[in-house]
Amino acid sequence: MTNNTSNIILETKNLSIGYTVKKKPLVIQKNLNLELKTGVLTCILGNNGIGKSTLLRTLATMQPALSGDVFIANKNSKNFGPNELSKKISLVLTESVPPSNLSVYELVALGRQPYTNWLGSLSDVDKNMVAEAMQQTQITDLALHKIYELSDGQKQRVMIARALAQDTEIIILDEPTVHLDIHHKISILKLLQNICKTLNKSIVIATHEVSFAIQLADILWLMYPDKCITGTPDELITNKTLQELFNSNLISFNMKTKHFNINNA
Amino acid sequence: MGIINLSFGSVSIPFKEFIYSLLDKKIDDDTLRYIIVNLRLPKTITAILVGSSLALSGLLMQTLFRNPLAGPFVLGISSGASIGVAVLILSAGMFGGTIAGLASSNLSLVLAASAGAFLVLLAVLMAASKVRNTMSILIIGLMFGSFTSAIISVLAYFSSAEQLQQFMFWSYGSLGNLSWQELGFFFVLYALGILLILFIIKPLNSLLLGENYAKSMGVNFKSTRLITLLATSILTGVCTAFAGPIAFIGLAVPHLTRLIITSSNHKILVPAVAIMGAILMLISDTIAQLPTSDYTLPLNAVTTLFGAPIVIWLLVRKRKLIF
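Residues numbered from 1 in each chain as written. Chains lettered and ligands numbered in written order. Predicted model: local features only at pLDDT ≥ 70, side-chain atom pairs only at ≥ 80, totals over all residues. Heavy atoms only, no water.

Turning our attention to the overall build of chain A. Within chain A, the secondary structure is distributed over eight helices and 13 strands. Residue pairs in contact within chain A that sit at least 24 positions apart in sequence constitute 66% of those at least 6 positions apart. Surface summary for chain A: the accessible area is close to 12,700 Å², and the carbon and sulfur share equals 50%. (Helix = DSSP H or I, 4+ residues; strand = E, 2+ residues; numbered from the N terminus. Contact = heavy atoms within 4.5 Å. Areas by Shrake-Rupley, 256 points an atom, 1.4 Å probe, with all protein chains shown as cover.)

For the rest of this paragraph, the subject is the overall build of chain B. A tally of helices and strands in chain B yields 15 helices and zero strands. Looking at chain B residue by residue over its 323 residues, the buried ones come to 54%. Partitioning the contacts of chain B with sequence separation of at least 6, the portion at a separation of at least 24 is 76%. When the accessible surface of chain B is summed, it comes to about 14,300 Å², and 71% of that surface belongs to carbon and sulfur atoms. (Buried < 20%, exposed > 50% of the residue type's maximum accessible area, 1.4 Å probe, protein only.)

Moving on, we get to the interface of chain B and chain A. At the junction of the two partners, chain B supplies 26 residues and chain A supplies 32 residues. Between chain B and chain A, the buried area comes to about 2,600 Å², and carbon and sulfur atoms account for 61% of it. Where chain B touches chain A, the interface holds zero salt bridges. The interface formed by chain B and chain A holds nine residue pairs in polar contact (both at pLDDT 80 or more) in total. Put simply, the parts of the chain that give the side of chain B that touches chain A at least two residues each are helix 10 (180-207) and helix 11 (211-216) of chain B. (Buried area = accessible area lost by both parts, 1.4 Å probe. Salt bridge = Lys/Arg side-chain N within 4 Å of Asp/Glu carboxyl O. Polar contact = N/O pair within 3.5 Å; in protein donor to acceptor, adjacent residues only side chain to side chain.)

This next bit is on the packing of aromatic side chains. Following the criterion strictly, the structure yields eight aromatic pairs over all chains and no others. Note on Tyr157 of chain B and Phe158 of chain B: the rings are 5.4 Å apart at their centroids and 85° apart in plane angle, and the pair reads as edge-to-face. In this pair, the class of Tyr157 of chain B matches that of Phe158 of chain B, namely exposed. Ring pairs connect the aromatic residues Phe185, Phe186 and Phe242 of chain B, which therefore count as one cluster. Directly above the ring of Phe80 of chain A sits Lys75 of chain A, whose terminal nitrogen or CZ lies 4.8 Å from the centroid. One cation-aromatic arrangement involves Arg112 of chain A over Tyr115 of chain A; the distance from NZ or CZ to the ring centre is 4.2 Å. (Phe/Tyr/Trp six-rings, centres within 6.5 Å; stacked < 30°, edge-to-face > 60°. Lys NZ or Arg CZ within 6 Å of the ring centre and 35° of its normal.)

Right, let's talk about the environment of Leu110 of chain A for a bit. Relative to the elements of secondary structure, Leu110 of chain A occurs in helix 3 (residues 104-110). Under the relative-accessibility criterion, Leu110 of chain A is labelled buried at 7%. Considering only alpha carbons, one finds Leu110 of chain A and Val130 of chain A, 20 residues apart in sequence, at a separation of 9.2 Å. With sequence-adjacent residues up to four places away left out, Leu110 of chain A is seen in contact with Leu102 of chain A together with Asn205, Ser206, Leu209 and Met217 of chain B.

This brings us to the nonpolar core. Across soluble globular proteins, nonpolar side chains show a tendency to be buried alongside one another. All names here are of chain A. Counting 85 residues, the largest nonpolar core has Leu55, Val108 and Leu220 as the members making the most contacts within it. Considering each element in turn, this core owes the most residues, seven residues, to helix 5 (residues 152-165). With residues near it in sequence (within four places) discarded, Val108 still touches Val130, Ala133, Met134, Ile139, Val158, Ala161, Arg162 and Ala165. (Core = buried A, V, L, I, M, F, W, Y, C linked by side-chain atoms within 4.5 Å.)

Residues and elements named next belong to chain A. Positive phi outside glycine occurs at Asn31, with the angle close to 55°. As for its placement among the helices and strands, Asn31 is situated in strand 2 (residues 24-32). By relative accessible area, Asn31 is classed as exposed at 51%. Positive phi is not limited to glycine here, since Lys258 has a value of about 55°. With respect to the element layout, Lys258 can be found in the loop between strand 12 (251-254) and strand 13 (259-262). Residue class for Lys258 comes out partly exposed when judged on its relative accessible area of 32%.

A cluster of nonpolar side chains, contributed by Trp118 of chain A together with Leu195, Leu198 and Phe199 of chain B, occupies part of the molecular surface with about 420 Å² of accessible area. We classify Leu198 of chain B as partly exposed; its relative accessible area is 34%. (Patch = residues over 30% accessible without salt bridge, like charges linked within 9 Å, V, L, I, M, F, W, Y side chains within 5 Å.)

Turning to the confidence of the model for chain B, a few remarks are in order. Confidence in the prediction for chain B averages 80 pLDDT; 82% of positions are at 70 or higher. Mean pLDDT across the elements of chain B bottoms out in helix 6 (residues 97-103) of chain B (52) and peaks in helix 10 of chain B (92). (pLDDT = per-residue confidence, 0-100.)

We now examine the pattern of salt bridges. All names here are of chain A. Taken as a whole and assessed by the stated rule, the structure comprises eleven salt bridges over all chains. A salt bridge links Asp69 to Lys78; its shortest N-O distance comes to 2.8 Å. Judged by its relative accessible area of 23%, Asp69 is partly exposed. The class of Lys78 is exposed, set by a relative accessible area of 60%.

Moving on: the pairing of strand 2 of chain A. All names here are of chain A. Pairing geometry for strand 1 (residues 8-21) and strand 2, over six bridges, is antiparallel. Each residue of the ladder has a partner; that of Val21, found in strand 2, is Lys24. A loop of two residues connects strand 1 with strand 2, the two strands running antiparallel in sequence, and Lys22 in this loop sits at a positive phi of about 50°. (Pairing = 2+ DSSP bridges.)

Right, let's talk about the sheet that holds strand 8 (residues 170-174) of chain A for a bit. Residue and element names in this part refer to chain A. Reading across from one edge, 7-8-9-4-10-11 is the order of the six strands in this open sheet, with mixed pairing throughout. Whereas interior strands pair on both sides, the edge strands pair on one side only; in this sheet they are strand 7 (89-92) and strand 11 (228-231). The average undirected angle you get between the axes of adjacent strands in this sheet is 15°. Pairing between strand 4 (residues 41-46) and strand 10 (residues 219-223): five bridges, direction parallel. Counterpart to Cys43 in the pairing with strand 10 is Leu220. Contacts from helix 6 (residues 182-198) reach strand 4, strand 8 and strand 9 (202-206), with the element oriented near 155° to strand 9. (Axes fitted to C-alpha atoms, helices over the stretch in contact; angles between N-to-C directions.)

This part covers helix 1 (residues 52-59) of chain A. Residues and elements named next belong to chain A. Among the eight residues that make up helix 1, six are buried, leaving the element largely enclosed by the rest of the structure. Those residues of helix 1 that fall on the buried side of the exposure criterion are Lys52, Thr54, Leu55, Leu56, Thr58 and Leu59. Phi turns positive, to about 55°, at Thr61, one or two residues after helix 1.

Now for the pairing of strand 11 of chain A. All names here are of chain A. One ladder, built from four bridges, connects strand 10 with strand 11; its direction is antiparallel. Bridge pairing in strand 11 places Met223 opposite Cys228. Counted between consecutive antiparallel strands, the loop separating strand 10 from strand 11 contains four residues.

We now examine helix 6 of chain A. Residue and element names in this part refer to chain A. Spanning 17 residues, helix 6 covers 24 Å between terminal C-alpha atoms, matching the ideal 24 Å at 1.5 Å per step. By the burial criterion, the buried members of helix 6 are Lys185, Ile188, Leu189, Leu191, Leu192, Gln193, Ile195 and Cys196. Elements that come into contact with the buried residues of helix 6 comprise strand 4, helix 4 (124-136), helix 5, strand 8, strand 9 and helix 7 (210-216). Sitting at the amino-terminal end of helix 6 is Asp181, which places a side-chain oxygen 3.1 Å from the backbone nitrogen of His183. (Expected span 1.5 Å × (residues − 1).)

Written out as structure tokens, the structure is:
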């Protein structure tokens, strides 16, 4: 699965994630020792509230870790300045973008901000990167449209194009396929897989699409209330870890079809 | 627009004299020349500075708070200026003597307003450094506003009719009464505010995607927020100090501009909003002069009479406010 050219780009050491409530730490997950490699598509699966978004925010250093460290390209993330970090990690978040007059092109071009001068003027290199990112995500035709004219699926592609334009080794996406129909869900996930392989990027997706994740991801991170187990989809199916993901008697995992099925009582 | 604004006033001035005095040529009537050079020209320049400052402040606040109804006054800065002036004018009655003498001078009004604006600014900045949520700053600003108007009511209750009138005149807003020297001071602060804005054009653009995306694209959010608040405070504070609390320009102009030039890019928006603000202020002031009559309307009444319907029309027409 992991080929020889892939390197570790992000590593966590004894990471505890969570929040500080009334000056007391509220630990959501602890002792996380995870790693991300270039050219590898990683999917995070787990119940609602298990800490997927918290983990992503901590990896992106938008939220401080309770304890432990995140190393990005062998350097502790605490030692990164905001601009330096933005050249390593780009994000696609669940939050919707506020309404504005921005055109698709302008929005994708915002991804070049870490590289542009103080006024944000685009150089020829920047323009090429933006054009390439838009081509990769097949939104070149939409360039002059305003963001509010787009469908949800198109918006998601634009946000991915922006992350691509940011030219980072790691792209983190929090539920990128939510609100989309099945066709667009698959097209977005296939697009991400394609980007991951052709551009040799490390892509992390938190998702609820278990069956798609099993088929597309190279590595799965399964988050349980007290632990996080990683491995390839096949490994996790064979050792039956995946079956315990949703501790519920409403569904069961079918190992042959690699699907969760609804239990008929 | 500036020329039209210059040419209107309570005293009608023949066109030839008007041009000559601008070009610094000799004309027969020294009084007319004095009116043009020392009264009307400063007033026109004030209008341009005030209009563009308030409009820019509105733009900054709307982008920072991602709230289409934010304006320069939401931070409570103008309320701060008001309370400075109110304390000066209205407390004169209680203490009499020296304070009463102070209250009658123009410069002390400006100083009081600046001090009030600055104190509120400090309070807001302190709150801003403690509070993480940008929306909370908006609400804190609004609370400062209500708080100060309550204090002003109390002061007003205990003061004489004459002092109340003086305070009311200040709160009507006026672009006149600025000497060239005061204008110079105004301009220095204006230039400082504009300079600060130039440095945040880029982060403001990424803030259009929201705080989190902006951070992920390398924006130092805390310092951007600080510079934005600082620039707004300087621009609004100095305007309010010199011209009184002028309503609606800050709120309405950014929306009008975005309606005309359909862009959200601050590289285009900043100059466009500044020009639009200056033009609207000049129009408002020209209307307030009531051309061909001897009367002058309160400036605030004019901006509100035009501003309020514009905002209502925008809300009805667009449904979804874009910023």
